[in-house]
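What follows is each chain in one-letter form.
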Amino acid sequence: MKERVKRHVLFSLAALISMGVLLYVSTDIVLYCSGLGIEELPAVEGEWNEQVFFDVFYITVKGGLSDTVDLTGYAYMETDEPNPDKKIDLMWVSDDHIYKIGTNISDHYGLRAGLVQRNIQGTHHMFSSVFSHAQMEDGMYTLFIYCYENEGTSSYTCTPYPFKKEGRSFIPLSGYVGTQQGQQSILNASTDEPVYHSIEVCKKAEDLLQIRGWAAAIGYPSEESDILLALTDENGETVLYDTLQFLRHYLRTPLQDTIYDHSAFYTNIPLSDLEEGTYTLSILVQAGALRLAPLSHKVIYGADGSITFERGTLPASTPKKTYAERQDIPLADFTQNRELYHSIGSCNPVDDVLQVKGWGIEVGTPSAEAEVFIGLTNSSGEGAVYNTEAYAGTYLRDVLENGQIYDNSYFECNIPLSELEPGSYVLEVLVRGRESGRSIVPHALLVKEDGTIEYTP
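The shown structure was predicted, so the numbers you read here are calculated from the model rather than taken from an experiment.

> What exactly am I supposed to notice about the sheet that holds strand β6 (residues 104-107) here?
Across a sheet, paired strands are connected by hydrogen bonds in the backbone, their directions being either parallel or antiparallel. Strand order in the open sheet formed by four strands is β2-β3-β7-β6, with antiparallel pairing between adjacent strands. The outermost strands of the open sheet, each flanked by one partner alone, are β2 (53-62) and β6. When the angles between neighbouring strand axes are averaged without regard to direction, this sheet yields 20 degrees. With nine bridges joining them, β2 and strand β3 (residues 68-76) adopt antiparallel strand pairing. Directly across from Val61, in β3, lies its bridge partner Val69.

> Sorry, what's going on with the environment of Gly383 here?
Here Gly383 is to be found in strand β26 (residues 383-387). With residues near it in sequence (within four places) discarded, Gly383 still touches Leu331, Leu376 and Thr377.

> Can you walk me through empty space enclosed by the protein in this structure?
The method is simple in principle: a probe with the dimensions of a water molecule rolls over the atoms, and the space it marks as empty is what remains. One pass over the structure, following the stated rule, counts one cavity of 30 Å³ or more. Here the largest cavity is characterised by a volume of approximately 40 Å³. Forming the walls of the largest cavity are Thr322, Tyr323, Ala324, Asn387, Thr388, Glu389, Glu412, Cys413 and Asn414. The biggest single contributor to the lining of the largest cavity is strand β28 (residues 410-416), with three residues.

> Whenever I open this one, the pattern of salt bridges confuses me. Can you help?
Once their charged atoms are close, side chains differing in charge can pair, the charge on each being opposite to the other. Considering all chains together, one arrives at eleven salt bridges under this definition. The partner of Arg434 in a salt bridge is Glu362, with the nearest N and O atoms 3.9 Å apart. One end of the pair, Arg434, is in the loop between β29 (423-432) and β30 (436-438); the other, Glu362, is in strand β24 (residues 353-362), and 72 residues separate them in sequence. You can call Arg434 partly exposed: its relative accessible area is 49%. The exposure class assigned to Glu362 is buried, which follows from its relative accessible area of 2%. Residues joined in a network through salt bridges with shared partners are Glu339, Glu362 and Arg434.

Rules and cut-offs
- Residues numbered from 1 in each chain as written.
- Predicted model: local features only at pLDDT ≥ 70, side-chain atom pairs only at ≥ 80, totals over all residues.
- Heavy atoms only, no water.
- Pairing = 2+ DSSP bridges.
- Helix = DSSP H or I, 4+ residues; strand = E, 2+ residues; numbered from the N terminus.
- Axes fitted to C-alpha atoms, helices over the stretch in contact; angles between N-to-C directions.
- Contact = heavy atoms within 4.5 Å.
- 1 Å grid on protein atoms, 1.4 Å probe; cavity = no way out; pocket = protein on both sides within 12 Å on 5 of 7 lines; lining within 4 Å.
- Points joined across faces, edges and corners; volume = space filled by probe spheres on them.
- Salt bridge = Lys/Arg side-chain N within 4 Å of Asp/Glu carboxyl O.
- Buried < 20%, exposed > 50% of the residue type's maximum accessible area, 1.4 Å probe, protein only.

See below:
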């Protein structure tokens with residue numbers, strides 16, 4: 001009886017082992033038969049970094065018998081010609097090897113809606129790929145994307161996603177590591193020309209400070225500019241770091257021009273470059289002259305190795321403010337609109353102006369297609385409308401559905417104090433989009449005889 005049980009157990013183990021081997025082999029066969037297998041190339045002909053718009057939503061590396069990598073994203077190029085034979089390939093490039101992996105492409109409704117408005121051909125721009133990295137040689141690899149639309153439109157582009165292949169491991173690294181551009185002062189950088197920017201990610205990633213966002217010198221093509229990051233310590237010592245720039249089509253909405261398509265950036269700063277303390281993070285764009293963004297940020301490197309990011313304060317080197325002008329628009333033209341959302345972050349006298357800062361949107365209307373104004377009504381019922389200066393930010397992405405269309409909804413309004421007589425006022429945020437609307441929640445303002453001002457949200 002014992003011998004029979006023993007033989008049964010040994011037979012079962014052998015069967016399981018055989019199934020495991022077959023599973024491993026069959027997994028590879030399925031992957032390769034589906035067109036997603038690895039092909040090593042001796043070289044790649046063509047141009048890198050052409051006009052390929054892309055994003056990678058997620059990259060998942062799974063261990064086990066098959067050692068698979070799972071990627072999903074999108075890629076497309078602008079073309080006027082049909083693209084029924086479109087394909088997207090992934091290229092893993094190291095100093096010694098180039099591997100090509102095919103993808104499955106599909107439609108995605110959320111992506112389609114925006115592309116139709118821009119006359120992009122076709123609908124199948126999403127890609128997905130699952131492949132085994134077992135055949136790849138060890139080394140450091142960077143992911144490139146090859147996009148073929150039609151015979152006249154195809155190209156490769158570099159992504160900010162490096163990987164390390166080591167034995168059975170395929171390790172995603174934290175990204176492009178910026179190199180120091182030297183210690184220098186940024187006080188001589190120009191603040192006369194506007195630089196818009198947004199920091200989307202600033203966090204610790206292993207032994208690196210990972211920073212991602214976008215920056216554009218207004219009026220200057222991003223392909224001809226360089227984006228730099230400056231870290232200034234508590235002693236006033238500043239170190240500049242370079243960044244890797246890449247394409248992001250969504251910047252056309254807040255910046256309203258195609259010349260800023262290459263304004264997205266990505267870099268990592270080794271934490272070994274930093275000491276415990278507080279740093280000022282500034283954004284600069286080399287666009288003819290070196291331009292400094294008016295908003296700086298704080299990065300706190302804690303004694304426990306933690307990183308804390310504090311967004312946006314105006315530095316002492318901010319350019320001269322723009323005075324708001326009274327508009328020739330009757331306040332009565334704006335009617336209460338429940339689809340108008342807003343927030344006033346600050347309302348204070350600054351030098352010779354009443355400075356009002358915040359954001360305002362009409363739900364569903366991209367900020368590039370709307371204007372924000374400030375309305376003031378005195379105790380006699382006389383109203384005035386003032387223009388605002390718009391600037392970009394990403395906070396609304398986290399709190400509103402489809403929040404990226406509101407990236408340019410932030411405003412600053414500097415109303416000359418000379419136009420405010422003592423008395424009480426009603427302050428309102430106005431948005432002219434599909435309709436000319438005013439918020440259903442007004443604010444109170446009291447200008448006293450001694451010139452002080454009280455603001456009540």
